[in-house]
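Here is how the chains run, residue by residue.
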Amino acid sequence: MVEQMPEYMGYDRTIAVFSPDGRLFQVEYAKEAVKRGSTTVGIVFKDGVLLVSTKLASGMMVSSSSEKIFEIDNHIAASASGLLADARVLINQARVKSQIHKITYEEPIDTWNVAHIIGDKMQISTLYAGLRPYGVSFLVAGVDSTGSHLIESDPSGMLYEWKCYSIGRGAQIANKILKQKWKNNMDKKTAISLGIEVMKKCEKDRKQIDIVLVTSKNKFKRISEEELRKVK
Amino acid sequence: MVEQMPEYMGYDRTIAVFSPDGRLFQVEYAKEAVKRGSTTVGIVFKDGVLLVSTKLASGMMVSSSSEKIFEIDNHIAASASGLLADARVLINQARVKSQIHKITYEEPIDTWNVAHIIGDKMQISTLYAGLRPYGVSFLVAGVDSTGSHLIESDPSGMLYEWKCYSIGRGAQIANKILKQKWKNNMDKKTAISLGIEVMKKCEKDRKQIDIVLVTSKNKFKRISEEELRKVK
Amino acid sequence: MVEQMPEYMGYDRTIAVFSPDGRLFQVEYAKEAVKRGSTTVGIVFKDGVLLVSTKLASGMMVSSSSEKIFEIDNHIAASASGLLADARVLINQARVKSQIHKITYEEPIDTWNVAHIIGDKMQISTLYAGLRPYGVSFLVAGVDSTGSHLIESDPSGMLYEWKCYSIGRGAQIANKILKQKWKNNMDKKTAISLGIEVMKKCEKDRKQIDIVLVTSKNKFKRISEEELRKVK
Amino acid sequence: MVEQMPEYMGYDRTIAVFSPDGRLFQVEYAKEAVKRGSTTVGIVFKDGVLLVSTKLASGMMVSSSSEKIFEIDNHIAASASGLLADARVLINQARVKSQIHKITYEEPIDTWNVAHIIGDKMQISTLYAGLRPYGVSFLVAGVDSTGSHLIESDPSGMLYEWKCYSIGRGAQIANKILKQKWKNNMDKKTAISLGIEVMKKCEKDRKQIDIVLVTSKNKFKRISEEELRKVK
Amino acid sequence: MVEQMPEYMGYDRTIAVFSPDGRLFQVEYAKEAVKRGSTTVGIVFKDGVLLVSTKLASGMMVSSSSEKIFEIDNHIAASASGLLADARVLINQARVKSQIHKITYEEPIDTWNVAHIIGDKMQISTLYAGLRPYGVSFLVAGVDSTGSHLIESDPSGMLYEWKCYSIGRGAQIANKILKQKWKNNMDKKTAISLGIEVMKKCEKDRKQIDIVLVTSKNKFKRISEEELRKVK
Amino acid sequence: MVEQMPEYMGYDRTIAVFSPDGRLFQVEYAKEAVKRGSTTVGIVFKDGVLLVSTKLASGMMVSSSSEKIFEIDNHIAASASGLLADARVLINQARVKSQIHKITYEEPIDTWNVAHIIGDKMQISTLYAGLRPYGVSFLVAGVDSTGSHLIESDPSGMLYEWKCYSIGRGAQIANKILKQKWKNNMDKKTAISLGIEVMKKCEKDRKQIDIVLVTSKNKFKRISEEELRKVK
Amino acid sequence: MVEQMPEYMGYDRTIAVFSPDGRLFQVEYAKEAVKRGSTTVGIVFKDGVLLVSTKLASGMMVSSSSEKIFEIDNHIAASASGLLADARVLINQARVKSQIHKITYEEPIDTWNVAHIIGDKMQISTLYAGLRPYGVSFLVAGVDSTGSHLIESDPSGMLYEWKCYSIGRGAQIANKILKQKWKNNMDKKTAISLGIEVMKKCEKDRKQIDIVLVTSKNKFKRISEEELRKVK
C-alpha cells in the first residue's frame, strides 16, 4: 500500500491535486489497484511477442470470459492488470480507433500508435477534477512494419517499451525471474516455457494459464489448451 | 456490509475517488445494494438458458409488475438484483439499442453485444464525479448464432460469462448448490427443477417463483404457473 | 423518520452517494416527504380504476386548486402524495408526452407508458450529483386496450402495479383495510364506498373527499359533490 | 423563523438536499424571506379581483417605484412579497411569455397559464444544486374567459387558488380578518374597504396603500389616490 | 458591518444559499462593499437630473480616470459606489445594449430600460452558485420622453426611483441633508449648490468634486472646473 | 501581507465570495502577487510615455527573455509586475484584439481600448467561482490620436490613468520619488534619468535596466544598452 | 519540499486559489514534481543547441522508450523533467500545431512559437478550478531563421530563454557547473563534453546518457552510442 504519512492527510482525497512534495496521490492509489490485479507477463522473442495471463478455472465460469488478454487488431494484443471493467472500455476505444486508422490510411495501425491512444486517455483522466484515473495497466504487444513491440501503459498515462515485463500482483517476483532468464532472440518454445514458469511462480491458486502469441506470420493467436499441454 | 476501517474514513464519501489501497468504495457500496436485492439464478442447459427469480405474491400487487426478469429482445432476457429502478432504465436502453441493431444490420443482436451495452453504461458511471454507480447487477441470458450465453454484469461494469450463476442476497447459498449439482447438457426439466430447488433454499418467504426460458426454439418464454406446477 | 445511525453521518448529506450498506439516503429521505404527504388511495374495480384523495375545505381556498388527482389524458389519471410542486411539473411533462404519443401514433398512450415516463424522470434525478430526487409518489390509474391499471411510482423511480393501494401519511392504515376488504370485480358503488371508508379513517380533519373514476365508458370523471352525497 | 433542531445541522446549508424527515430546508428558508416581505392582500369580488399592497411614502422616493403590484398583461396582475428583485425578474419573464402567447394563439393568456409559468420557474430552482430557490411569493390576479382567479405561487413552486388571501409579514393577521369578513359576490366598494382595513391592521408605519383592480370591464386599473380617498 | 450572529456561521460562506431567517448573506456582504465605496449623490431638479461624485486630486493620477460618473447614452448617466471594476463592466454592457436599442427601434432607450438591464444582470448573479453578486450600486440618471428619472440599482438587483438620493460611505449623512433641503422644481444653480454642500460634508479629504448634469437641453454634460468655481 | 483577522477565516479560501465587510479576499491576495513582483515604472513626458523595468543580468539567461515590457501594437506597450505567465497570456490576447481592431476599422486601436480589453478579462476572472483572479498588474503606455496615456490595470480589473506611476515590490519607494520629482512636459532625457534613478533605488541587486519609449515619432522603441549608457 | 507554514493550511489543497501572501501553492507543488524528475541539460553552442538527458539502461527496457528528449519538428527538440505522461501529451500537441503551422504558412514554425504553445497550455491549467497544473518543465531547443534558442517552460507557464540551463533533480549542481564552464561560441565537441560531464555529476546511477543536437546543418540529430563513445 502507498505509504501515507499523517501530514499529507487531505491531499489524497481530492482528484487532480498535487501534494506538497509534487505527488498525485489519486494516481498512486490507482496504481495500487493495478498491484492488486492478477499478474500478466509479456515476452519479446525471435518471431514476435508473447503475452501470458490467467483465466479462472472454475467449473461454473466460462473461462474465456475471464481472459485478460484482448485482441485490438489482428496484429496487436493487450493484456491488463487491475480494474478489468476499465480495461474493457479502453480496449474497445483502441479497437475502434484501430479500425478507423485502417480505413483512413489503408494500412494497419502501429503498436506505438495504439499505446498512445490508450496512454493519452489515461493521462487526461488524471488532469481533470471531474474524473478519476483509470485503475488499470496494460501490456500492449504488437508486430508491425517497425518490428515487435511490448509497451506498458500505466494509470498516469506513462508508456515504456520492454523486451520482457510483468505487471500486477506478481510483478516483483516475475520481473526478477525475467531479468535472470530472458535472452535476446529466444525461440517461441523457450519463450512460452519461460512465460509459463514465471506465471506459475506468481499465481499459485487454481487458474488456467492463458497465452497469446503475436507474430508476423500468425498475427494474433491464442494458444489452445492442447497446444499448451504439448509445450509443457 | 463492506468492511470499513476507521483509517479509510472520507475515501468512501466522494464519488469516483480511489482509497490508498486502490479500491473504489462507492462501487463496493453499490455492490452492497446488489447483495441486499432478491436472489436470481441463471442456468445454461441443453437447449438454452434458464433464469429464475421471484415475484411478490401479495394479493394486492399485480405480481407481473414485481417480475425481475425482463425481455430485451425475443432471444435475450435479463434478470436483475439490486435497485430495480436502475435496472429498468438500463434494460430500456438495451432494448432500444437492440432494436436499432436489428434495423441497422438486419440481424438480431448478440448476447455479448447486449452485455457490453449494459456493462459500458455501468463502467462510465463509476468514472465521473457527477454520477453515482448503478446499484444493480444483471444476469443476461441469450441464445444466438454463437450459442447459449449467461453473462453477469456488476456495478463496476465487469462482465463474466457463466454456465450457471446466482446474484443477490441468496447468492452464496445458491452458488454452493449450483456448483454441486449443475451438469453439462442438462435437459430442460432437470434445469427447471434445479432452479426451483435453489430458489426455495434462498428465498423462504411467501413469494412466487418466476421462470424465463430462452431457447433457440421458443425464444423468450415465461413459464406459466400451471406449467410450473406440472414441473414441480 | 428514516432510522439514522450515528456511524452513517455524512453519507446522507450529499446527493447520489451510496452508504456502506448500499443505501441511497437522499432517496430514502425523499420517500419521507411522501410519507408526510396527504393520503391517496387507488382501487381497481369491475369497470375501471378509482382514485380517492382529499381537497382542502377552507372557505377561502378554491378547493379545486388543492386537488391532488390530475388528468393526464382522458383515459389516464394520477394522484400524488408528497411535494405537490414536484408532482405538478412531472404531471405536465407526462401530459405533453401523452399528447405527442397520440399525434405520432394516432392512438392513445398506454397507462404503463405514462408510468415509465414519470418513473424514468424520477430515476434519473437519483443518479446525478447536480439534482435532488423528486419528493413525490404517484398512483397512475388508466384504462387502455390492455385493461385497467393502477401503477405506483416512487422517488427511486420504481414502478409497481397494484389492484388496490394507498400512499401518503395514512398508507399503513389504509393498506391494512384495503387488504381485508378489497375483492376482485367489485362494482363501482362498492369500490367508491370502500375508498371513502378508507380515506375517512386516514384523514380525520376537515377536508373534502375528492374522487376520480377512470372507466372505459366515461374515461376520466371527477365525481361531483352531489353524486358523492348520493353514494354515501 | 423555521424551527431548527441541532441534529439537523448541515442539511440546511446545501442547495437541493432533503433532510432525514423529508424537508427541503433551503425552500423553507426562502419562505422566510417571503414572511419578512411586506404584506399583500388579494380579494375576489363580484366583478373581478382586487390586489392591495403598500408603497413607500418617503418624500424622496418616487412612490411608484416601490409598488409591489405589477401588470403582467392588461387582464392579469400580480403582487409580490419577499425579495423584490427576484419578483421583478420572474414578472418580466411572465410578461414576455404572455405576449408570445397572444401573438401565437391570437387570444389572451389564461390566469392559470401565467401562474404555471411562474410556478414552474420556481419549482425548477429548487431541484438543481447550482441554483437557489426564489425568495418571493406572488398573488396572481386575473379575469379571463374562465372567470376571476386569485392564485398564490410560493418558493416551492406550489400554486393554490384563493377567494381571498394574504401573503407577507402580516399574512397571519390579514387572513384571520379575511376569513371573518369575506363574503361571496362582494361589490367593488366593499371589497376595497375590506382590503384597506386589512392592510391598515398589518402595516402600521407610514406607507401609502396601493390598490389594483382587475375586472372584465376595466382590465388592469391602478386606483388613483383621489379615488382611494373617496372610497375611504 | 453586517451583524453576524455565531449561530449563522456557515450560511454566509457559500454563494446563493438562504440563512434560516431567509437572508442572502452574500448579497448583504456585497452591499457592504457599496457602503465602503465613495459617496455619490443624485438630485432631480427642474430641468433634469444632477449626479455628484468625487475624483482623486492626486497630482500623479489623471483625475478623469477616477471619475465615478459614466455616460451610458447622451441622455443617460450613471454614478457608482463600490467595486468600480464591476461598475465599469456593467456600464459597458448597458452602453452596448443602449446602442442596439437605438439602432433597432430608431429612438433612444428609456432610463428605466437601462436600469432594468443593469438590475437584471445583478439579480442573476445572486441566483447561481457559480457567480458572486456584483459589489456595486448605481444611481442611473436620465431624461427621456417620460421625464427625468433617478434610479438606484443595488447588488440584489433591486431598482428604486428617487427624487434625490445618495449611496456609498457618506449615504447616511447625505440622505439626512437631502431630506431636509431638497425641494421640488429646484433650479439648476440651487441643485448644484446642494449637491456640492452634501458632498463636502461626506467626503472631507482632498478630492475634486465631479458633477454631471443630464438635461433635455444639454443632454449629458460634465461641468468643467471653471463652471464649478463660478457656482461656488 | 494582507491583514487577516482570525474571525474572517474561511472567507478567503473560496474563489469569488465576499467577506462580511464586503471584501474579496482572493482579489486582495492576487494583489499580493503583484507586490512580490519586480518593480516597473511609467512616466509621461513631453513627447510620449516611458516604461522602465528590469531584466536579469545572469550570464546564462538571454536577458531579453526576462524583459517585462511588451509591445502590444507599434504605438502601445505594457509592463507587468506579478505572475509573468499570466501577463504573457493577457498581453497576447490584447495583441490579437489590437490587430483585429486595425483590420476591422482601418485605424490603430486606442490605448484606453487596450486597457479595457485587459481590465475586462481581469474583472471577469474575479466573478466566476471556477476561475482564480489574474495575479498581475500592468502599466499600459500608448500614444494615439487622443494623446499620451499611462494606464494601470490591477487584479480586480480596475483601470486608472496616471502621469507617472510605479507598481511591484518597489512601488511605495518609487511613487514617493516620482511625486517629488515628476514635472509636466519633462523632456525625454530628464524622464529617462528619472526613470533610471527611481529603478535603482527600488531594485538594488544585479539586474539590467530595461527601458521602452512610446512616442508619436518613433512609436515603440526599446532603448539599446549603448543608448542607455549615453544617457547615464 | 515547498516550505509550508501551519497558518497556511488549506490554501494549498484547492486548485487555483491564492494564499494570503499571493502564492499559488498548487503551482509550487507541481514544480516539486519537476524537482523530483530526472535531470536534463541544454547548451547553446556555435552551430546550434544541445540537449542532454538520460535513458534507463535496464536490460529489460527498450532504452529508447525512456528517452526524455523529443523531436517536435525536424529543427526543434524538447527535453522534459517531471511527469513524463504530462510531457508526452503536451509534446504531441506542440507537434500537431507545428505541422499545422508548416502547412498554413509554408514555412517552419519558430522555436519561440513552440514555446508559447506549450507555455500557454500550462498557464491555462493554473487558472481553472477544474484542472490541475501540469507537473513538468521543458527545455525547448531549436534553430530557426532567428538563430539558436534554448527556452525553459515551467508549470506556471513561464518562459525563459537561456544560453545553457538545467532542470530536474540535479539542476542546482548542474547550473553551478554550467555557470563556471559555459563559454560563448563553444564548438560542438566541447559542448558535448560539457553536457556529459554535467550529467555524470548529477545522475550517478546506472543510466545511459542521451544526447540530441539541433543544428542548422543536421537539424534534429540523436547521437548514436558509438558517436558518443568517440566523444568520450
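Criteria and cut-off values
- Residues numbered from 1 in each chain as written.
- Chains lettered and ligands numbered in written order.
- Predicted model: local features only at pLDDT ≥ 70, side-chain atom pairs only at ≥ 80, totals over all residues.
- Heavy atoms only, no water.
- Helix = DSSP H or I, 4+ residues; strand = E, 2+ residues; numbered from the N terminus.
- Rg over C-alpha atoms; globule rule 2.2 N^0.38 Å.
- Buried < 20%, exposed > 50% of the residue type's maximum accessible area, 1.4 Å probe, protein only.
- Contact = heavy atoms within 4.5 Å.
- Areas by Shrake-Rupley, 256 points an atom, 1.4 Å probe, with all protein chains shown as cover.
- Lys, Arg positive; Asp, Glu negative; His and termini not counted.
- Charge placed at Lys NZ, Arg CZ, Asp CG, Glu CD.
- Least-squares fit on C-alpha atoms with pLDDT ≥ 70 in both.
- Salt bridge = Lys/Arg side-chain N within 4 Å of Asp/Glu carboxyl O.
- Buried area = accessible area lost by both parts, 1.4 Å probe.
- Polar contact = N/O pair within 3.5 Å; in protein donor to acceptor, adjacent residues only side chain to side chain.
- Nonpolar A, V, L, I, M, F, W, Y, C, P; charged D, E, K, R; others polar.
- pLDDT = per-residue confidence, 0-100.
- Phe/Tyr/Trp six-rings, centres within 6.5 Å; stacked < 30°, edge-to-face > 60°.
- Pairing = 2+ DSSP bridges.
- Axes fitted to C-alpha atoms, helices over the stretch in contact; angles between N-to-C directions.
- Parallel < 35°, antiparallel > 145°, perpendicular 65-115°, else oblique.
- Left-handed = near helix turned anticlockwise from the far one by under 90°.
- Expected span 1.5 Å × (residues − 1).

A few words now on the overall build of chain A. Looking only at helices and strands, one finds six helices and ten strands in chain A. In terms of overall dimensions, chain A is globule-like: its C-alpha atoms have a radius of gyration of 18 Å, near the 17 Å expected for 232 residues. Expressed as a percentage of its 232 residues, the buried residues of chain A come to 62%. Residue pairs at least 24 apart in sequence account for 64% of intrachain contacts in chain A once pairs closer than 6 positions are excluded. Of the roughly 9200 Å² of accessible surface on chain A, a fraction of 51% belongs to carbon and sulfur atoms. Measuring between centres, the 34 positive side-chain charges of chain A sit 7 Å from its 27 negative side-chain charges.

So, on to the relation of the copies chain D and chain E. Under the fitted operation, chain D is carried onto chain E by 0.0 Å of movement along the axis and a turn of 51 degrees, and the coordinates agree to an RMSD of 0.0 Å. The overlap is low: 3% of the interface residues of chain D also sit at the interface in chain E, so different surfaces are used on the two sides.

For the rest of this paragraph, the subject is the pattern of salt bridges. This model, assessed by the stated rule, comprises 99 salt bridges over all chains. Glutamate 197 of chain G is the salt-bridge partner of lysine 201 of chain G, the closest N and O atoms lying 3.8 Å from each other. A residue pair is termed a helical-turn pair when its members lie 3 or 4 positions apart in one helix, as lysine 201 of chain G and glutamate 197 of chain G do in helix α5 (residues 188-202) at four residues. The exposure class assigned to lysine 201 of chain G is partly exposed, which follows from its relative accessible area of 43%. Several salt bridges converge on common partners, so that one network encompasses Asp21, Arg23 and Glu28 of chain A together with Arg36 of chain G.

Chain B puts 35 residues into the contact, and the matching count from chain A is 33 residues. In this assembly, chain B packs against chain A so that about 2900 Å² is buried in total across both faces, 62% of it on carbon and sulfur atoms. Where chain B packs against chain A, one counts two salt bridges. Joining chain B to chain A, the criterion identifies twelve residue pairs in polar contact (both at pLDDT 80 or more). Of all the secondary structure elements, the ones that give two or more residues to the side of chain B that touches chain A are α3 (111-124), β7 (159-161), β8 (164-167) and α4 (171-181) of chain B. Sort the elements by how many residues they give to the side of chain B that touches chain A and α3 of chain B lands first, with five residues. A per-class count over the side of chain B that touches chain A returns 19 nonpolar, ten polar and six charged.

At the C-alpha level, the nearest point of chain B lies 16 Å from chain E, with no contact between them. The closest approach of any C-alpha atom in chain E to one in chain G is 11 Å; the two make no contact.

This part is about the confidence of the model for chain A. All names here are of chain A. The share of residues in chain A with pLDDT of 70 or more is 92%, and the mean pLDDT across the chain is 89. Ignoring residues within four places in sequence, the model shows residues 1-10, a span with pLDDT below 50, making 21 contacts including any to other chains. Here the predicted complex carries an ipTM of 0.87, next to a pTM of 0.89.

Considering the arrangement of structural elements, one finds valine 143 of chain A in strand β5 (residues 136-144). When sequence neighbours within four positions are dropped, the list of residues in contact with valine 143 of chain A reads Gly48, Val49, His75, Thr111, Ser148, Val214, Thr215 and Ser216 of chain A.

Evaluated as defined, the whole model comprises 21 aromatic pairs over all chains. In this structure an aromatic cluster arises from ring pairing among Tyr160, Trp162 and Tyr165 of chain A.

So, on to the pairing of strand β5 (residues 136-144) of chain C. All names here are of chain C. Among the nine residues in β5, nine count as buried, and that is most of the element. Going residue by residue along β5, you find Val136, Phe138, Val140, Gly142 and Asp144 tucked away on one face and Ser137, Leu139, Ala141 and Val143 tucked away on the opposite face as well. The sheet contact formed by strand β4 (residues 76-82) and β5 spans seven bridges and is antiparallel. Pairing of serine 81 across the sheet is with serine 137, part of β5. In terms of strand pairing, β5 meets strand β6 (residues 147-153) through seven bridges, oriented antiparallel. Residue pairing across strands places valine 143 opposite serine 148, the latter belonging to β6. Counting the residues that bridge the hairpin from β5 to β6 gives two residues.

Superposition of chain B onto chain A requires a rotation of 51 degrees combined with a translation of 0.1 Å along the rotation axis, giving an RMSD of 0.0 Å. A low fraction, 3%, of the interface residues of chain B reappear at the interface in chain A, so the copies pair through non-equivalent surfaces.

Let us now look at the interface of chain D and chain E. Chain D puts 33 residues into the contact, and the matching count from chain E is 35 residues. Carbon and sulfur atoms make up 62% of the area that chain D and chain E hide from each other, which totals about 2900 Å². Counting across the chain D and chain E interface gives two salt bridges. Linking aspartate 21 of chain E and arginine 36 of chain D is a salt bridge whose minimum nitrogen-to-oxygen distance equals 3.8 Å. Across the contact surface, chain D and chain E share twelve residue pairs in polar contact (both at pLDDT 80 or more). Secondary structure elements with two or more residues in the side of chain D that touches chain E: α1 (25-35) and α2 (84-105) of chain D. Ranked by residue count, the leading element in the side of chain D that touches chain E is α2 of chain D, at six residues. Within the side of chain D that touches chain E, the residues separate by chemical class into 17 nonpolar, nine polar and seven charged.

Residue and element names in this part refer to chain G. Read from one edge to the other, the open sheet built from five strands follows the order β3-β4-β5-β6-β7, with strand pairing classed as antiparallel. Each of the sheet's edge strands pairs with one partner strand only, and the pair in question is β3 (69-73) and β7 (159-161). For this sheet, the mean angle separating the axes of adjacent strands, direction not counted, is 25 degrees. Helix α2 (residues 84-105) rests against β3, β4 (76-82) and β5 (136-144) of the sheet, and its axis sits at about 20 degrees to β3.

Counting through the fold element by element, glutamine 26 of chain G comes out in helix α1 (residues 25-35). Among the polar contacts made by the side chain of glutamine 26 of chain G, one reaches the main-chain amide nitrogen of phenylalanine 18 of chain A at a distance of 2.8 Å.

In helix packing, the relevant descriptors are the interaxial angle and the interaxial distance, both defined with respect to the helix axes. Residues and elements named next belong to chain E. Contact geometry of helix α2 (residues 84-105) with helix α3 (residues 111-124) gives a least axis separation of 10 Å together with a crossing angle of 135 degrees. Classified by the interaxial angle, the pair formed by α2 and α3 is oblique. Pair α2 / α3 crosses with right-handed handedness. Residues Leu90, Gln93, Ala94, Lys97, Ser98 and His101 of α2 form the contact with α3, whose participating residues are Asn113, Val114, Ile117, Ile118, Lys121 and Met122. Grouping the amino acids of the contact of α2 with α3 by side-chain chemistry returns six nonpolar, four polar and two charged.

This next bit is on the sheet that holds strand β9 (residues 207-215) of chain E. All names here are of chain E. With antiparallel pairing, five strands are arranged side by side in an open sheet as β8-β1-β2-β9-β10. Edge positions in the sheet fall to β8 (164-167) and β10 (219-222), since each of these pairs with one other strand and no more. In this sheet, adjacent strand axes meet at a mean angle of 15 degrees when their direction is disregarded. Sitting on the sheet, helix α4 (residues 171-181) is in contact with β1 (40-45) and β8, with an inclination near 170 degrees to β8. Across the face of the sheet, helix α5 (residues 188-202) comes into contact with β1, β2 (48-56) and β9 while running at roughly 160 degrees to β1.

Residues and elements named next belong to chain C. With a phi angle near 60 degrees, asparagine 185 is a residue other than glycine that sits in the positive phi range. Relative to the elements of secondary structure, asparagine 185 occurs in the loop between α4 (171-181) and α5 (188-202). For asparagine 185, a relative accessible area of 53% corresponds to the exposed category.

Time to look at α3 of chain E. The end-to-end C-alpha distance of α3 of chain E is 20 Å, a good match for the 20 Å that 14 residues give at a rise of 1.5 Å each. Buried residues of α3 of chain E: Thr111, Val114, Ala115, Ile117, Ile118, Gly119, Met122 and Gln123 of chain E, and no others.

Residues and elements named next belong to chain E. Locating aspartate 210 in the fold gives a position in strand β9. Looking at aspartate 210, its side chain comes within polar contact range of the side chain of arginine 222, at 2.7 Å. Non-local contacts of aspartate 210, meaning those with residues more than four positions away in its chain, are made with Leu51, Val52, Ser53, Thr54, Lys55, Glu67, Lys68, Ile69 and Arg222.

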